[in-house]
2 protein chains.
Amino acid sequence: MKEIEQLSINAIRTLSADAIQRANSGHPGLPLGAAPMAYELWANHMNHNPADPDWPNRDRFILSGGHGSMLLYSLLHLFGYGNLSMEDIKNFRQLGSPTPGHPEYGCTPGVEATTGPLGAGMGMAVGMAMAEAHLAAVFNKEDYPVVDHYTYVLGGDGCMMEGISYEAFSLAGTMGLHKLIVLYDSNRISIEGSTDLAFTEDVTARMAALGFQTLTVEDGNDLEAIAAAIEEAKKDTRHPSFITVKTQIGYGCPAKQGKASAHGEPLGADNVTALKETLGWPSKEDFFVPREVYDHFAQIARDKAETEAAWNVMFAAYCQEYPQMEELWNQYHDTSLGLEFGEDEQFWLHGDKPEATRSLSGKLLNYMTEKLPNLFGGSADLAPSNKTTMNGKGDFTKDTPEGCNIHFGVRELAMTAIGNGIGLHGGLRPYVATFFVFSDYMKPMARLSALMQVPLTYVLTHDSIGVGEDGPTHEPVEHLSMLRAIPNFHVFRPCDSVETAAAWYSAVTSRKTPTALVLTRQNLEPVHGSSREALKGGYVLADCQGTPEAILIATGSEVNLALKAKDVLEAEGRKIRVVSMPCMEVFEEQTREYRESVLPRSVRKRVVVEAGSDFGWGSYTGLDGACVTMNGFGASGPASQLFEHFGFTVDHVVETVRSL
Amino acid sequence: MKEIEQLSINAIRTLSADAIQRANSGHPGLPLGAAPMAYELWANHMNHNPADPDWPNRDRFILSGGHGSMLLYSLLHLFGYGNLSMEDIKNFRQLGSPTPGHPEYGCTPGVEATTGPLGAGMGMAVGMAMAEAHLAAVFNKEDYPVVDHYTYVLGGDGCMMEGISYEAFSLAGTMGLHKLIVLYDSNRISIEGSTDLAFTEDVTARMAALGFQTLTVEDGNDLEAIAAAIEEAKKDTRHPSFITVKTQIGYGCPAKQGKASAHGEPLGADNVTALKETLGWPSKEDFFVPREVYDHFAQIARDKAETEAAWNVMFAAYCQEYPQMEELWNQYHDTSLGLEFGEDEQFWLHGDKPEATRSLSGKLLNYMTEKLPNLFGGSADLAPSNKTTMNGKGDFTKDTPEGCNIHFGVRELAMTAIGNGIGLHGGLRPYVATFFVFSDYMKPMARLSALMQVPLTYVLTHDSIGVGEDGPTHEPVEHLSMLRAIPNFHVFRPCDSVETAAAWYSAVTSRKTPTALVLTRQNLEPVHGSSREALKGGYVLADCQGTPEAILIATGSEVNLALKAKDVLEAEGRKIRVVSMPCMEVFEEQTREYRESVLPRSVRKRVVVEAGSDFGWGSYTGLDGACVTMNGFGASGPASQLFEHFGFTVDHVVETVRSL
């Protein structure tokens, strides 16, 4: 190893240790152990341009072990990404700094994904590699590999123990994502102690079984071995690669290296000093970086910039030779595409017969494929039920990466992470699908969509006891509440074709908010009075003369029930308003005046009708209203009997209103 | 194969096909393909007694592919379990029948677990096998193997694709759970088509890498090969076994076998007829079972009953020889144990100094181990942070199965399924633990705890922005809402030592409801006025003279904040009540009178103070109240700054009350 390389690696280590010590909080173990592989990768193998973190053809790097964030921040600082300053490093983990405890997408230039929940980065990396494979198949022409980059992901034992990484890697193996390269920081230590306690499997053999090329670096400080493994990984053009790099957690800190105590707390001032001595660091000063280290990284950054410059030249020639491809490229990268559906009458006219909203959704999806060529998604093995197949758009497989329909397999959690990864990659509009009840499995990654502001679309069908015979394991009850409670997450439960169109329109025009479409299995009668006002989240569907005595608020399959109850109540001379509320969160975003016009504060008799939990409706019903909702789990039986059994009848709604 | 065996297998097949046809709903593919292995196992290998489904030492069988429920119901009917009648079979999937669409624990004698969400059964089976291994180590004496049974689980490609099964099996391999035997119904078909689409991994090699003995039955109709594999599996006393049984989905139905269409819809009347012809079935009549088949199963059942009889004899001798073990056995199986803590003053007195509720919880847990020897649990690699280690109780490992502390590894989802499995097994009191934010990963199995009424305890620490520097990926916001929305699930967020004791007391005395303890990372000042009234879920912590002008409702770390705000407001001459609401669900279970006494309907100025989402509090604040809660995700920074930043200050609470 050259001296400057060793110095550069140790700069990463000492910066990490110093920042964590100053913050009095953080995880030094990973940066100390993994600094060599990260340095080697970023300096000598990755195509990236610190001056342009958004270059579309950059290699992606995800730190799946997000707790090791100082490893990444050190690299970003030394390479000069977004002018991440030493002051920023010193403000590690401080409120408002661009160096939060775990890497946050959108907060720090060069951070490709928010990581921290273990394994998530592995799943997102698979998504990015899928996006690359697909876009390459769509765009590349002979001599013009305009999409041609690797996706690197670095994680440790924790990431490998989580089921999400298994799910994602099994799919990556099936898809033959050969430009995915996993760096497994194998230090054999977890928080509770040696991995012998809970993780004695043969990881390499497992990854080989999943269809990965497996490589091992016996000494994580051996740059040549790391380089050789990365090159070997690149050579395999049929399989993703998995490189086990054996490291020592907390390397260089005599009192802590190889121990669980190195993982998640500052080393302590004395140990930082000892670390610097052990590493032969030239200064005792905190946050010291030798001038030659900065110069070294700057030189590399300049060289890297030339790679992008060359790509720019190639891309210009490509556009000249293939103007129609340039147009397509622009379409793929135009996030405003989809807005035109707002004025497209065909889009809003899907059916006036009884139909399930899942079926309407399927028709809308297929209608949209003409104008949105970059839709890319699929289901966790439920496409025929979710109605999420895009006809004529092909299957995305190892041999047909140009296909747009993804077969995720029964892997809801990895699917969601992959969807996020596709969204983060750019150039594509991802969607994912499963039964609504299995949104449970998606939750950790749905949260990440919201936190990262990735507008992933969730198609969630079979949305209530309307599931019928499959019974309570398959009948969502609390799932609307679960998703509605996530900040920055839109949950649409449309009642008919126009509201389903509104839901899709909202989803494909969203820039920073993921959207769930919660759809019925069963047919619904068309709703009289439904309209594009649904884009406001909630609106008056049917009104009375003057001030209403009571307001019925309903969503999805219960909207028609509310309308029928209104008829009965009006026949008694009561003044009833029916509000359709397909998306509570979007309604909350409206002006106070609008909300007041729909739900006047003075009208206190309010009844919510929804075949889900009442949890979360209290802010609409107040202390004086009531809910016709589910109070417990569902049951197995024909759907019509279940709706009756659980009180979703005109009589019960009417009686509830009368009782107020 | 003997004729009676073939006839018995085909009885399972035709019953399944007929029931699904009659219900016009269901999944015939699995029962038709897996009938031989299920028959062979239940008839010739499993120790069970249809006359006593609760025999503690029975072999456990879990149908992880729960959609194949008719396979199980056919067996239960033919063996005479709980008198499951032909009428019940005919009422398959009908409301109120003991034959719901997916197997439901507690609904049908002989059903060991609720399954349907794929992979869940695999996780629960690992839990049952862990329970067996632990109890065997605790109770068995030479010549008295009083705990000595196998756990069998049957599932297909979907179960194997789900990350939960990987997580659970990796742990099972580490633990060397050699009495776990997995039957993998490998038919290479999933709903979207061939498993080649999404699942080309070498499953056998993967399972070998996890530490399983792997066996393969090339022909799923070959009873001898199935028998040989099961016997081989039993012989391995160091590794769990994984038997791949190659089958044809929908076997025997010419139009559908081997096709995805066989999976999840009735075969159709014509195809049922064709099936019976192909199988050489002796009758065209629906629901026909030859007399000799019933006789055959009855004979087997009688033989099986003798196995239990022999065990009863042995157990009686064991009790005589080891009276202290009998006493211990009774303790382990006495679910009322724990009630005595209600009168145990020591239990309620844990600290009067500032302390984190996670730390108080750890002390309580350790205090309880003396009286509750059958506590068995641990954390997903966060025990030092969760404070869930039971001191002096040893680690549960391959070589020390008598240990009580389980190291689950970073596997929150499998951990929860395993916790459920331990609970279902009986004899133990399981608990599981992780950071509260990672309850996201647990959600699918937390729902199953609630649905199955397994009183699993969830220790969830680091419960808010009090997490501080780790930032938004580690700061729960919507998680209280998520868990509170689950039916039959208690969520306690205690404010100090006495409320933490109440939470644990509620958890260990619960019979049918799981309980989450949501605990702080940071120290909390003792709360003046807190009391065992916390067992009512919510109570008046501090009151005013006469009717309050406003009520502050707070939980956990925000209770003291509410008390301080009350002081300020009272200095202004306002009458303020403070209600502590550690468990909303338990409060809702109280009488209307009690609830009215705590929260009089007439008092409309209500302010909720909780460092979580406001979602779900509307039913307490109504339309006239307000929330001092989180409106979005957290941030990375010192906790004290975050509380200030997000408005958890006396000033803000006071201002909010004034503004009403």
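Check the entry above for the structure.
Keep in mind the model is a prediction, meaning the values are calculated, not measured. (Residues numbered from 1 in each chain as written. Chains lettered and ligands numbered in written order. Predicted model: local features only at pLDDT ≥ 70, side-chain atom pairs only at ≥ 80, totals over all residues. Heavy atoms only, no water.)

## What about the relation of the copies chain A and chain B?
- For these two chains of identical sequence, chain A goes onto chain B by a turn of 180° and a shift of 0.0 Å along the axis, with RMSD 0.0 Å. The relationship between the two copies is best expressed as a two-fold rotation axis.
- Mapped onto chain B, 100% of the interface residues of chain A again fall at the interface, so both copies present the same surface. (Least-squares fit on C-alpha atoms with pLDDT ≥ 70 in both. Contact = heavy atoms within 4.5 Å.)

## So, the side chain of Glu-610 of chain B
Residues and elements named next belong to chain B.
- Mapping Glu-610 onto the fold places it in strand S18 (residues 606-613).
- At 2.7 Å, the side chain of Glu-610 forms a polar contact with the side chain of Arg-484.
- At 2.8 Å, the side chain of Glu-610 and the side chain of Trp-617 are in polar contact.
- Sequence-distant contacts of Glu-610, defined by excluding residues within four places in its chain, comprise Leu-480, Arg-484, Arg-493, Thr-555, Glu-558, Trp-617, Val-628, Thr-629, Met-630 and Phe-648. (Helix = DSSP H or I, 4+ residues; strand = E, 2+ residues; numbered from the N terminus. Polar contact = N/O pair within 3.5 Å; in protein donor to acceptor, adjacent residues only side chain to side chain.)

## Some details on the nonpolar core
- In this structure, Leu-180 of chain A together with Leu-180 of chain B are the most contacted members of the largest nonpolar core, which totals 186 residues.
- When near neighbours in sequence (up to four residues on either side) are disregarded, Leu-180 of chain B contacts Ala-125, Val-126, Ala-129, Thr-151, Val-153, Phe-169, Ala-172, Phe-212, Pro-240 and Ser-241 of chain B.
- If you look at the next biggest cluster of nonpolar residues, it comprises 150 residues, including Phe-492, Ala-542, Ala-562 and Phe-648 of chain B. (Core = buried A, V, L, I, M, F, W, Y, C linked by side-chain atoms within 4.5 Å. Buried < 20%, exposed > 50% of the residue type's maximum accessible area, 1.4 Å probe, protein only.)

## Brief notes about unusual backbone geometry
All names here are of chain B.
- Backbone geometry at Arg-93 places phi at a positive 70°, although glycine is not the residue there.
- In this fold, Arg-93 is placed in the loop between helix H4 (86-90) and helix H5 (120-139).
- The exposure class assigned to Arg-93 is buried, which follows from its relative accessible area of 1%.
- With a phi close to 55°, Asn-488 is a non-glycine residue in the positive phi region.

## Let's talk about the side chain of His-462 of chain B
Residue and element names in this part refer to chain B.
- One can find His-462 in the loop between strand S12 (457-461) and helix H18 (479-484).
- The exposure class assigned to His-462 is buried, which follows from its relative accessible area of 6%.
- A distance of 2.8 Å separates the side chain of His-462 from the side chain of Thr-461, its partner in a polar contact.
- Beyond its immediate chain neighbours, meaning those up to four positions away, His-462 contacts Arg-358, Ser-385, Phe-435, Phe-436, Val-467, His-474, Pro-476, Leu-519, Thr-520 and Arg-521.

## Focus: helix H1 (residues 3-23) of chain A
All names here are of chain A.
- Under the 1.5 Å per step criterion, the end-to-end length of H1 is 30 Å for 21 residues, consistent within 8% with the ideal 30 Å.
- Burial analysis of H1 places 16 of its 21 residues in the buried class, which makes it a mostly covered element.
- The first or second residue beyond H1 is Asn-24, which carries a positive phi of 55°. (Expected span 1.5 Å × (residues − 1).)

## Comments concerning the pairing of strand S2 (residues 151-155) of chain A
All names here are of chain A.
- Among the five residues that make up S2, five are buried, leaving the element largely enclosed by the rest of the structure.
- The alternating pattern of S2 places Thr-151, Val-153 and Gly-155 on one face and Tyr-152 and Leu-154 on the opposite face, and all of these are buried.
- Inspection of the sheet shows strand S1 (residues 60-63) paired to S2 by four bridges, in the parallel sense. Residue Phe-61 lies in a different strand from S2, and its bridge partner there is Tyr-152.
- For S2 and strand S3 (residues 180-186), the ladder comprises five bridges, and the chain directions are parallel. (Pairing = 2+ DSSP bridges.)

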